[in-house]
Amino acid sequence: MIKTKVTEILGSKYPIIAGTMARISNPEFVAAASNAGACAVLASANYKSPDELRDAINKTQSLTNQPFAVNINLFPALMPQDKLDDYVDATLAEDVKIIETSGHKAPEELVPKFKNGGAIWIHKCAGVRYAKKGESLGADLITVVGYENGGATGRLDIGTLVMAPSVIDAVDIPVIAGGGVSDGRGVAAILALGAEGVIMGTRMMATKECPIHENLKHAFVEAAETDTCLALRSVGNTHRVWNNEAAQKVLELESEGAPLFKLIQAASGEKAEEMYKHGDTDLGVVSCGQGVGLIKDIPTVKELLDRIMAEAEETISHLQRISN
Ligand SMILES: Cc1cc2nc3c(=O)[nH]c(=O)nc-3n(C[C@H](O)[C@H](O)[C@H](O)COP(=O)(O)O)c2cc1C
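Throughout what follows, the structure given in this document is the object of discussion. All values reported here derive from a predicted model rather than from experimental measurement.

Notes on the sheet that holds strand β5 (residues 120–125)
Phase 1: The strand order β1-β2-β3-β4-β5-β6-β8-β9 describes a closed barrel built from 8 strands, whose pairing is parallel. The mean inter-strand angle of the sheet, taken between neighbouring strand axes irrespective of direction, is 25°.
Phase 2: Relative to strand β3 (residues 68–73), strand β2 (residues 39–43) is paired through 4 bridges, and the arrangement is parallel. Each bridged residue has a counterpart across the sheet, and for L42 the counterpart in β3 is V70.
Phase 3: The strands touched by helix α4 (residues 84–93) within the sheet are β3 and β4 (98–102), with β3 carrying the most contacts at an inclination of about 170°.
Phase 4: The strands touched by helix α6 (residues 128–137) within the sheet are β5 and β6 (141–145), with β5 carrying the most contacts at an inclination of about 165°.

Below is the structure:
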């Protein structure tokens, strides 16, 4: 059994974070992933008000007694930034003790709340500078993702193999790393780089419990590592997404210099949600990492995590054998 500072600090069975996913990481899915051994992350941006978030937290707590976190999104396009305080208050009031923030600008003004509320604060970012800032403000853990990752990639375009050790060397607190991890070899590789935990998003989508349409899960099984692209770079909000018709439309609009509102319309979360519900796989823009090319099946979350961790242990044993 692999034990790290992350399993120790977060109390999860495995050193795996089931990355938060907007409009997907709901109570049922978060509970399934936490029950399967990960520390899963509820997406507070899914909820229109702090009260709705409180209900979602309560629901999650009724489905699992395993650790889970709440994500507070620092990207203005994804969450009203003037309400963050209220979402943090709601999280702490419901006794969630792990808060993840994501976005480059570290949330200086929220830190006293995290600390006074006794929360473990994880700051997720995509660059050494941002990781150091998070550490200097008192983050307990840093999560860093490289260029391969599904979702926000930042603007540095540094692959996970370089990004993770760069951040690990630059900070003194434990680091969770990811971007492109879809199997046990990836987990072993991230741990070999010196990370104490591994974050996975894209791979978690092709699981039985993930609340997206079967068509999309099957499309991910069929997809190759070349089937993603970078969208919304022209407006400083680069996201790695699945290269479907909706993504192509966004790229086309960007190349024409279309106004922001048109881009927002084309990449809207509502369209993605519609696609998740009804299965028209070209309708919406969906975050997706290059690790999609490594997805070959649709297991339960438990089957996936047990298999991945067994494979990670086997990979580590293999490396020990060949080094003798
Ligand atoms: C469909 C999808 C939606 C995501 N939504 C969010 C989000 O709302 N906030 C966030 O911080 N990260 C989001 N992410 C990023 C994941 O939490 C995680 O950092 C990332 O998926 C890890 O890289 P990987 O996909 O290569 O495993 C999303 C990822 C995916 C695939």
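After presenting the structure, the write-up continues.
Here's the deal with the nonpolar core
Phase 1: Ranked by size, the top nonpolar core spans 96 residues in total, and within it L10, I16, V187, M204, F220 and L305 carry the most contacts.
Phase 2: Broken down by element, the residue count for this core peaks at 6 residues, all from helix α14 (residues 301–322).
Phase 3: Membership of the second largest hydrophobic core comes to 12 residues, among which are L232, V241, A246 and V285.

Observations concerning the site of the ligand
Phase 1: Residues in close proximity to the ligand total 20 residues, the closest being T20, S102, K124, G180 and T202.
Phase 2: Between the ligand and the protein, one listed contact pairs an oxygen atom with a side-chain N or O atom of S102 at 2.7 Å.
Phase 3: In this structure, an oxygen atom belonging to the ligand sits 2.7 Å away from a main-chain N or O atom of G180.
Phase 4: Contributions of two or more residues to the shell around the ligand are made by β3, β9 (197–200) and α9 (202–205).
Phase 5: Its residues assigned to classes, the shell around the ligand comprises 7 nonpolar, 12 polar and 1 charged.

Re the pattern of salt bridges
Phase 1: Counted under the stated rule, the structure contains 19 salt bridges.
Phase 2: K97 is paired through a salt bridge with D95; the nearest N and O atoms lie 3.6 Å apart.
Phase 3: Exposure remark for K97: the relative accessible area of 36% places this residue in the partly exposed category.
Phase 4: On the basis of relative accessibility, which here comes to 52%, the residue D95 falls in the exposed class.
Phase 5: Among the ionic pairs, K217 bridges to E214, the shortest N-O distance being 3.3 Å. Separated by 3 residues within a single helix, K217 and E214 lie in helix α10 (residues 214–222), roughly one turn from each other.
Phase 6: In this structure K217 comes out as buried when scored by relative accessible area, which is 1%.
Phase 7: When salt bridges with common partners are traced through the structure, they connect R23, E270, E273 and K277 into a single cluster.

Let's talk about the sheet that holds strand β7 (residues 151–152)
Phase 1: On the basis of which strands lie adjacent, the open sheet formed by 3 strands has the order β7-β11-β10 and antiparallel pairing. Because the sheet does not close on itself, it has two edges, and the strands there are β7 and β10 (228–231).
Phase 2: Docked against the sheet, helix α11 (residues 245–255) engages β10 and β11 (239–242), running at close to 40° with respect to β10.

Points about the environment of S25
Phase 1: Structurally, S25 is set in the loop between β1 (16–18) and α2 (27–35).
Phase 2: Between the C-alpha atom of S25 and that of A43, which follows or precedes it by 18 residues, the distance is 5.7 Å.
Phase 3: With sequence-adjacent residues up to four places away left out, S25 is seen in contact with G19, T20, V30, V41, L42, A43, N46 and Y47.
Phase 4: Among the polar contacts made by the side chain of S25, one reaches the main-chain amide nitrogen of M21 at a distance of 2.8 Å.

Conventions used here
Residues numbered from 1 in each chain as written. Predicted model: local features only at pLDDT ≥ 70, side-chain atom pairs only at ≥ 80, totals over all residues. Heavy atoms only, no water. Pairing = 2+ DSSP bridges. Helix = DSSP H or I, 4+ residues; strand = E, 2+ residues; numbered from the N terminus. Axes fitted to C-alpha atoms, helices over the stretch in contact; angles between N-to-C directions. Contact = heavy atoms within 4.5 Å. Core = buried A, V, L, I, M, F, W, Y, C linked by side-chain atoms within 4.5 Å. Buried < 20%, exposed > 50% of the residue type's maximum accessible area, 1.4 Å probe, protein only. Near = heavy atom within 4 Å. Polar contact = N/O pair within 3.5 Å; in protein donor to acceptor, adjacent residues only side chain to side chain. Nonpolar A, V, L, I, M, F, W, Y, C, P; charged D, E, K, R; others polar. Salt bridge = Lys/Arg side-chain N within 4 Å of Asp/Glu carboxyl O.

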